[in-house]
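# An overview of the molecular structure
As a plain string of letters, each chain reads:
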Amino acid sequence: MKKAAFLLVLILITSCGKPEPNLTVTGTIKGLKKGTLYLQQLQDTILVVMDSVIYNGEDNYSLKSDLEAPEILYLTLDKNAGDDIPRIAFFAVPGIIEINTTLKYFEFDAKITGSPLQEKLNEFKGITSRFNDQNLELIVAKFDAQKSGDPAQIEKANQDSDNLLKRKYLYAINFAMNNKNSEIAPYIALSEIYNANVKYLDTIYNALPKDIASSKYGIELEKFIKQRKEEESIQ
């Protein structure tokens, strides 16, 4: 009897120490009959499984985890169909996030709701996609210029490419500065303009309020800036 009571107390202590999930990812996948869904987190360049569920064509799937801070997570589908593993990246926040998509276009058809940071990220990507389209056009122009052998045409193509890159960086910097009160700011600095002049990264970091500077990506940005400065001081 005493042993049973001891085990019960031990179980209660263990369960009390385990944090309750504060994140639920739910939704539907049109066209999927069977597969395994994973909720994954990037840790030291390795994707680690936070939760998983076998999806058998039910109306909704549900994945849960304890999220320490807002960050990019991944909804990954393993449909046992070779090496092609589709994956949706999304900016997770505590609460309920709904991701509805299709099997055919898993990543591209994804509709994500419930995360204000994902909305901000969508806003940013909506503009940067135009820069990417223009960049593709410039790649063709540079190829044609090289093919023609015309120095003036080559110089113009290179100058247009440099100007586009500057505009893209300027937009990212302004977006981060205009959203300095959000975790999206340090994330944009790390993911989009990491190879820009370190003074711009410094400007973004120094503008962050204390709570954002101490967030996951705020801390990573501070470490990255320090590393960049150390590397540049050696050169």
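Refer to the structure printed above.
Figured I'd write up the structure that's included with this text. (Residues numbered from 1 in each chain as written. Predicted model: local features only at pLDDT ≥ 70, side-chain atom pairs only at ≥ 80, totals over all residues. Heavy atoms only, no water.)

## Some details on the side chain of Q41
Along the chain, the position of Q41 falls in strand β3 (residues 35-43). At 2.5 Å, the side chain of Q41 forms a polar contact with the side chain of Q43. A polar contact of 2.7 Å, which involves the side chain of Q41, links it to the side chain of E71. When near neighbours in sequence (up to four residues on either side) are disregarded, Q41 contacts I46, L47, V48, M50, E71 and L73. (Helix = DSSP H or I, 4+ residues; strand = E, 2+ residues; numbered from the N terminus. Polar contact = N/O pair within 3.5 Å; in protein donor to acceptor, adjacent residues only side chain to side chain. Contact = heavy atoms within 4.5 Å.)

## Notes on the nonpolar core
Ranked by size, the top nonpolar core spans 51 residues in total, and within it L37, Y61, L75, F90, I99 and I193 carry the most contacts. Those residues within four positions of Y61 in sequence are excluded, and the remaining contacts are V25, T26, G27, T28, I29, L37, V53, Y55, L75 and I99. (Core = buried A, V, L, I, M, F, W, Y, C linked by side-chain atoms within 4.5 Å. Buried < 20%, exposed > 50% of the residue type's maximum accessible area, 1.4 Å probe, protein only.)

## Focus on the pattern of salt bridges
Summed over all chains, the structure comprises 6 salt bridges. Ionic pairing is found between K120 and E123, a salt bridge with its closest N-O pair at 3.8 Å. With a gap of 3 residues between them, K120 and E123 both fall in helix α2 (residues 116-148), about one helical turn apart. According to the relative accessible area criterion, K120 is partly exposed, its value standing at 29%. (Salt bridge = Lys/Arg side-chain N within 4 Å of Asp/Glu carboxyl O.)

## Considering the layout of surface pockets
Looking at the largest pocket, its volume works out to about 400 Å³. As for the largest pocket, its lining consists of 15 residues, and the residues nearest its centre are L42, L190, K216, Y217 and E220. Within the residue set of the lining of the largest pocket, elements represented by two or more residues are β3, β6 (71-78), α4 (184-192) and α7 (216-234). The dominant element in the lining of the largest pocket, judged by the number of residues it contributes, is α7, at 5 residues. Residue composition of the lining of the largest pocket, by class: 7 nonpolar, 3 polar and 5 charged. (1 Å grid on protein atoms, 1.4 Å probe; cavity = no way out; pocket = protein on both sides within 12 Å on 5 of 7 lines; lining within 4 Å. Points joined across faces, edges and corners; volume = space filled by probe spheres on them. Nonpolar A, V, L, I, M, F, W, Y, C, P; charged D, E, K, R; others polar.)

## A word on the sheet that holds strand β7 (residues 87-92)
The strand order β4-β3-β6-β7 describes an open sheet built from 4 strands, whose pairing is antiparallel. The open sheet has two free edges, formed respectively by β4 (46-55) and β7, since each of these has just one partner strand. Looking at each pair of strands side by side, their axes are set apart by 25° on average, direction ignored. Pairing analysis gives 6 bridges linking β6 to β7, with the strands arranged antiparallel. By the bridge assignment, I72 is partnered in β7 with F91. Relative to the sheet, α2 contacts β6 and β7, its axis offset from that of β7 by approximately 115°. (Pairing = 2+ DSSP bridges. Axes fitted to C-alpha atoms, helices over the stretch in contact; angles between N-to-C directions.)

## Some details on the environment of N195
Of note, N195 is situated in the loop between α4 and α5 (198-207). Overall, N195 belongs to the partly exposed group, its relative accessible area being 48%. Each C-alpha atom of the pair N195 and R228 lies 9.2 Å from the other, and the pair is 33 residues apart in sequence. Apart from the residues lying within four places of it in its own chain, the contact partners of N195 are Y169 and R228.

## Focus: unusual backbone geometry
With the exception of glycine, most residues fall at negative phi, and the peptide bonds are largely trans. For D44, which is not glycine, the phi dihedral falls at a positive 55°. Note that D44 resides in the loop between β3 and β4. Taking the relative accessible area as the measure of exposure, D44 reaches 71% and is therefore exposed. Phi at T45 takes a positive value of approximately 70°, unusual for a residue other than glycine. Take T45: it is sitting in the loop between β3 and β4. Residue classification places T45 among the exposed positions, given a relative accessible area of 74%.

## Looking at the environment of Y200
Residue position: Y200 is located in helix α5. Classification of Y200 by relative accessible area gives partly exposed; the value is 37%. Taking C-alpha positions, Y200 is 10.0 Å from I225, a pair spaced 25 residues apart along the chain.

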